[in-house]
Amino acid sequence: TRIMALGEIGNFTRGRRFTKEDYASDGISCIHYGDIYTRYGTSTDEAVSHVRPDLAPSLRFAHTGDVVIAAVGETVEDVGKAVAWLGRDDVAIHDDCFKFSHNQNPKFVAYCFQTPIFNSEKNRYVARAKIKRLSGESLAKLKIPVPPLEEQERIVAILDTFDALVNDLSSGLAAEIRARRQQYEHYRDRLLTFKEAA
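Rules used in this analysis
Residues numbered from 1 in each chain as written. Predicted model: local features only at pLDDT ≥ 70, side-chain atom pairs only at ≥ 80, totals over all residues. Heavy atoms only, no water. Core = buried A, V, L, I, M, F, W, Y, C linked by side-chain atoms within 4.5 Å. Buried < 20%, exposed > 50% of the residue type's maximum accessible area, 1.4 Å probe, protein only. Helix = DSSP H or I, 4+ residues; strand = E, 2+ residues; numbered from the N terminus. Contact = heavy atoms within 4.5 Å. Salt bridge = Lys/Arg side-chain N within 4 Å of Asp/Glu carboxyl O. Pairing = 2+ DSSP bridges. Phe/Tyr/Trp six-rings, centres within 6.5 Å; stacked < 30°, edge-to-face > 60°.

A. Broad picture of the nonpolar core. Residues Leu6, Ile69, Phe100, Phe113, Leu139 and Ile144 are the most contacted members of the largest nonpolar core, which totals 27 residues. At the level of elements, helix 1 (6-9), strand 7 (67-70), strand 9 (82-85), strand 11 (97-102), helix 3 (106-112) and strand 14 (143-146) are the ones that each hand at least two residues to this core. Per-element tally for this core: the top contributor is helix 3, with 5 residues. With residues near it in sequence (within four places) discarded, leucine 139 still touches Leu6, Phe12, Ile69, Phe98, Phe113 and Leu134. Core analysis: the next-biggest nonpolar cluster, separate from the first, contains 12 residues, Ile36, Trp85, Val91 and Cys97 among them.

Structure below.
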């Protein structure tokens, strides 16, 4: 497996600006950098936000298979968080995001962005002002392993299985804890309710 700089396997394009006033209940699907670290996991085929359709000519779009990367964040960890765009239609991206266009498995690339090795390398390039930033030039220098596509698919299938298990477990766990709490409250209330002696 070769270790390659992202700039060797694809290219980065910065999004275009849109503001909170541009949001619409439906319209053009868009990804805002803030959504990447609050609303999305490793990949998505549906956008959580939309902007007005008349903005289309002024926007930049990510295409199916592109990886959308948050270029700014409040913490070093948030910057550089990535989501693979798997939607059928193009999605508008904010100017504090980059789209990474490549011919690798998009989820494999997004998973690579989550590794400790990647993050410790990324830390060297983050501009540390009040808002942390990563430039396209810096992103292009970051390296990831590039195994053959079949191997990337195999790895993604395994990681997806674990991801589903962990997330189902946590929702299952939450339900289990809630049920036990109700049980506890029921018995506590029963045990602490006394009939007054005549």
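This is not the end of the story, as more comes after the structure.
B. Representation of the pattern of salt bridges. If you walk through the whole model with that rule in mind, you get 7 salt bridges. Among the ionic pairs, arginine 52 bridges to aspartate 22, the shortest N-O distance being 3.0 Å. Taken together, the residues span a long stretch of sequence, with arginine 52 in the loop between strand 5 (49-51) and strand 6 (61-62) and aspartate 22 in the loop between strand 2 (10-14) and strand 3 (23-31) at a distance of 30 residues. Accessibility expressed as a relative area gives 29% for arginine 52, which makes it partly exposed. For arginine 52, the salt bridge identified is with aspartate 54, shortest N-O distance 3.0 Å. Overall, the relative accessible area of 52% leaves aspartate 54 in the exposed class. Salt bridges sharing common partners tie together Arg14, Asp96 and Arg133.

C. Expanded view of the pairing of strand 7. Burial along strand 7 is two-sided: the face carrying Val67 and Ile69 and the face carrying Val68 and Ala70 are both buried. Of the pairings in the sheet, the one linking strand 7 to strand 9 comprises 3 bridges and is antiparallel in character. Directly across from isoleucine 69, in strand 9, lies its bridge partner alanine 82.

D. Fine view of the environment of histidine 32. Checked against the element boundaries, histidine 32 lands in the loop between strand 3 and helix 2 (33-38). Put simply, histidine 32 and aspartate 96 are 64 residues apart on the chain and 7.7 Å apart in space, counted from C-alpha to C-alpha. If near-sequence neighbours (up to four positions away) are discounted, histidine 32 is found in contact with Phe18, Tyr23, His94 and Cys97.

E. Region of interest: the environment of histidine 186. Here histidine 186 shows up in helix 6 (residues 149-191). According to the relative accessible area criterion, histidine 186 is partly exposed, its value standing at 41%.

F. Focus on the packing of aromatic side chains. This model, assessed by the stated rule, comprises 5 aromatic pairs. Ring centres 4.7 Å apart and planes at 25° place the aromatic pair phenylalanine 12 and phenylalanine 100 in the stacked group. Of this pair, phenylalanine 12 sits in strand 2 while phenylalanine 100 sits in strand 11, placing them 88 residues apart in sequence. For the pair shown, phenylalanine 12 and phenylalanine 100 are each scored as buried.

Functional significance is not addressed by these values, which are geometric in nature.
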